[in-house]
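Chain by chain, the residues:
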Amino acid sequence: ALVDGMHEFHFPLRDVENTLSYLNNNGLIIMHDCNPQTPEATCSFKEWEANNYTGTWNGDVWKTILYLRSQRNDVDAFVLDCDHGLGIICKHTPGKTLSYSLDEINQLTFNDLHNHRQEWLNLKPADYIYNYFSLSK
């Protein structure tokens, strides 16, 4: 399944949670826009429009990865460092988990992400996908 909808945290989280309820154990969710590079790219759509920003808008989709790694012990989630960050979500026992509450996640900013990007997103190089799924290049 591909999740690439409205880029504000509660929308992709809703979409991923709904998809997980139908996903079989061998299924995969790919979520776009999980690795924003600038503060402007992470603002809300309302702020984006009000400030007449141009360029890439990723919103705070990245918080979905942080939420899954903190709140779901039946899901493995990581982000491939390519194309604005491709979140990979599978029904597997997760590797290292995190412990952030929904309230804490809601308060986080781009600066927080910038300071913890590697750990929070479980950021991997693009070719990691081959190893993860035991595929040959």
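Structure: see above.
Parameters at a glance
Residues numbered from 1 in each chain as written. Predicted model: local features only at pLDDT ≥ 70, side-chain atom pairs only at ≥ 80, totals over all residues. Heavy atoms only, no water. Helix = DSSP H or I, 4+ residues; strand = E, 2+ residues; numbered from the N terminus. Rg over C-alpha atoms; globule rule 2.2 N^0.38 Å. Areas by Shrake-Rupley, 256 points an atom, 1.4 Å probe, with all protein chains shown as cover. Polar contact = N/O pair within 3.5 Å; in protein donor to acceptor, adjacent residues only side chain to side chain. Contact = heavy atoms within 4.5 Å. Buried < 20%, exposed > 50% of the residue type's maximum accessible area, 1.4 Å probe, protein only. Pairing = 2+ DSSP bridges.

Q: Got a minute to help me understand the overall build of the protein in this structure?
A: When helices and strands are tallied, the protein shows six helices and five strands. Shown N-terminal to C-terminal, the secondary structure of the protein runs as helices and strands in the order β-α-β-α-α-β-β-α-α-β-α. Relative to the 2.2 N^0.38 estimate, which gives 14 Å for 137 residues, the radius of gyration of the protein is 14 Å and therefore close to what a compact globule would have. Projected onto its principal axes, the C-alpha positions of the protein cover 45 × 35 × 25 Å. Total accessible area on the protein stands at roughly 7,500 Å², and carbon and sulfur atoms take up 47% of it.

Q: What exactly am I supposed to notice about the side chain of T42 here?
A: By the element assignment, T42 lies in the loop between β2 (28–31) and α2 (45–50). Reaching out from T42, the side chain makes a polar contact with the backbone oxygen of P39 at a distance of 2.8 Å. Once you skip the residues sitting within four places of it in the chain, T42 turns out to touch P36, G59, D60, W62 and F110.

Q: Can you walk me through the pairing of strand β4 (residues 86–90) in this structure?
A: Looking along a regular strand, one sees side chains alternate from face to face of the sheet. Summarising burial for β4: five of the five residues are buried, a large majority. Side chains L86, I88 and C90 of β4 all project onto a buried face; the interleaved residues G87 and I89 project onto the opposite face, where all are buried too. Note that β2 and β4 share four bridges and pair antiparallel. When the bridges of β4 are listed, I29 appears paired with I89. With five bridges joining them, strand β3 (residues 76–80) and β4 adopt antiparallel strand pairing. Within β4, the position partnered with D76 by the bridge is C90. Between the end of β3 and the start of β4, which pair antiparallel, lie five residues, with D83 showing a positive phi angle near 45 degrees.

It is worth stressing that arrangement in space is one thing and function is another; only the former is reported here.
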